[in-house]
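A look at the structure
Each chain is listed here by its residues.
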Amino acid sequence: MRLRYVDGQYDYVKNHPKGIVEPQDYEYSIREKFKNDNLLHVELGCGKGRFIRGMAANNPGINFLGFEKSIKVAYRCVKCCSDDNVKNYYIVYSNGDVLSEIFPEKSIERIYLNFSDPWPKPSHYKRRLTHKGFLDIYRKVLKDNGEIHMKTDNNDLFEYSVEQFEQDNWDLVLVTRDLHNSEYSEGNIMTEYEEKFSESGKKINKLIARKR
Ligand SMILES: C[S@@+](CC[C@H](N)C(=O)[O-])C[C@H]1O[C@@H](n2cnc3c(N)ncnc32)[C@H](O)[C@@H]1O
């Protein structure tokens, strides 16, 4: 579904207590927003934010940042954040390819990639969030033993990603092609896309890749 452009949505995100724009302006100190030294988890492509809000509410001792590169989506996401009292998350209007310009090396514990855009044409593979170019960025900002948690309904993207992580020497500590019917489903927080796809009968793939 195409989202409508709403006048003033950039300013809305910028001025919202849960919104962050121009994250590079923080000069590597974005985590000071949280006023604590808790672990940091980042989601790239957080959409309307159901996952990150759920994770933050369930894990008050962890800080969460959800990156969303579309202003139309980021606007709708922060609007959904208005009525919660959860303090440990922010929504960042930004492309995830700038992570290493925002975070010091080895400063993030975990990155979530949920139902990332599949970019099916080979000429667009470098836009995939599990392309080697992105893995290099994740490797820089993740702590040793830091993890990527990826979920997708898209089998082609999933098999591609498994291969990318293997070729790039990450440890695949979990690979399931049917998350909801596996032992790993306990505690799973569904994203908006996950709910839609699983209701239509699609199986959900999940992997966890650990930095060596
Ligand atoms: C298919 S939607 C999935 C949304 C949500 N994660 C879910 O599972 O419901 C993918 C989202 O990722 C965003 N996105 C794609 N590439 C991105 C990037 N490089 N950085 C940040 N956001 C990105 C898109 O704008 C879109 O909102």
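Being a predicted model, the structure only gives us computed values, none of them experimental. (Residues numbered from 1 in each chain as written. Predicted model: local features only at pLDDT ≥ 70, side-chain atom pairs only at ≥ 80, totals over all residues.)

Along the backbone of the protein there are seven helices and eight strands. Relative to the compact-globule value of 17 Å for 212 residues, the protein shows a C-alpha radius of gyration of 16 Å, a close match. Its C-alpha atoms give the protein principal-axis dimensions of about 40 × 40 × 35 Å. Out of the 212 residues in the protein, the part that is buried amounts to 37%. (Helix = DSSP H or I, 4+ residues; strand = E, 2+ residues; numbered from the N terminus. Rg over C-alpha atoms; globule rule 2.2 N^0.38 Å. Buried ≥ 20, exposed ≤ 12 C-beta atoms within 10 Å, placed from the backbone.)

Attention shifts here to the pairing of strand S6 (residues 142–152). Sheet topology note: the strand S5 (residues 108–114)/S6 ladder contains six bridges and is parallel. Following the sheet pairing, Ile108 is matched in S6 by Leu142. Between the parallel elements S5 and S6, the chain passes through helix H5 (residues 132–141) in a crossover that is right-handed. As paired strands, S6 and strand S8 (residues 205–210) are joined by six bridges and run antiparallel to one another. For His149, the partnering residue across the bridge sits in S8 and is Ile208. (Pairing = 2+ DSSP bridges. Right-handed = clockwise from strand over helix to strand, strands pointing away.)

Looking now at the pairing of strand S3 (residues 62–68). Two faces make up the sheet, and in a regular strand the side chains alternate between them. Most of S3 is tucked away, with six of its seven residues classed as buried. Sheet topology places strand S2 (residues 39–44) next to S3; six bridges connect them, and they run parallel. Residue pairing for S3: Leu40 is matched across the bridge by Asn63. On the question of chirality, the crossover connecting S2 to the parallel S3 by way of helix H2 (residues 50–58) is right-handed. Sheet topology places S3 next to strand S4 (residues 89–93); five bridges connect them, and they run parallel. Opposite Glu68, over in S4, you have Tyr93 as the bridge partner. Read as a crossover between parallel neighbours, the route from S3 over helix H3 (residues 71–80) to S4 is right-handed.

Attention now moves to the site of the ligand. Gly45, Gly47, Gly96, Phe115 and Thr191 are the nearest of the 20 residues found near the ligand. Counting only elements with at least two residues in the shell around the ligand, the list comes to S3 and helix H7 (192–199). No other element matches H7, which puts three residues into the shell around the ligand. The residue inventory of the shell around the ligand, partitioned by class, reads six nonpolar, eight polar and six charged. (Near = placed C-beta within 6 Å. Nonpolar A, V, L, I, M, F, W, Y, C, P; charged D, E, K, R; others polar.)

Grouped together as the largest cluster of nonpolar side chains are 42 residues, with contacts concentrated most on Ile91 and Ile111. The greatest single-element share of this core, amounting to five residues, is contributed by S4. In contact with Ile91, not counting residues within four places along its chain, are Lys18, Gly19, Ile20, Cys46, Gly49, Gly66, Glu68, Ala74, Cys77, Val78 and Cys81. (Core = buried A, V, L, I, M, F, W, Y, C linked by C-beta atoms within 7 Å. Contact = placed C-beta atoms within 7 Å.)

Taken together, eight strands build an open sheet; the order of strands is S1-S4-S3-S2-S5-S6-S8-S7 and the sheet is mixed. Since the sheet does not close on itself, it has two edges, and those belong to strand S1 (19–21) and strand S7 (171–176), each with one partner. Ignoring strand direction, the axes of neighbouring strands in this sheet form an average angle of 20°. Bridge count for S2 against S5 is four bridges, and the pairing is parallel. Paired with Leu44 across the strands is Leu113, a residue of S5. H2 contacts S2, S3, S4 and S5 of the sheet and is inclined by roughly 175° relative to S3. (Axes fitted to C-alpha atoms, helices over the stretch in contact; angles between N-to-C directions.)

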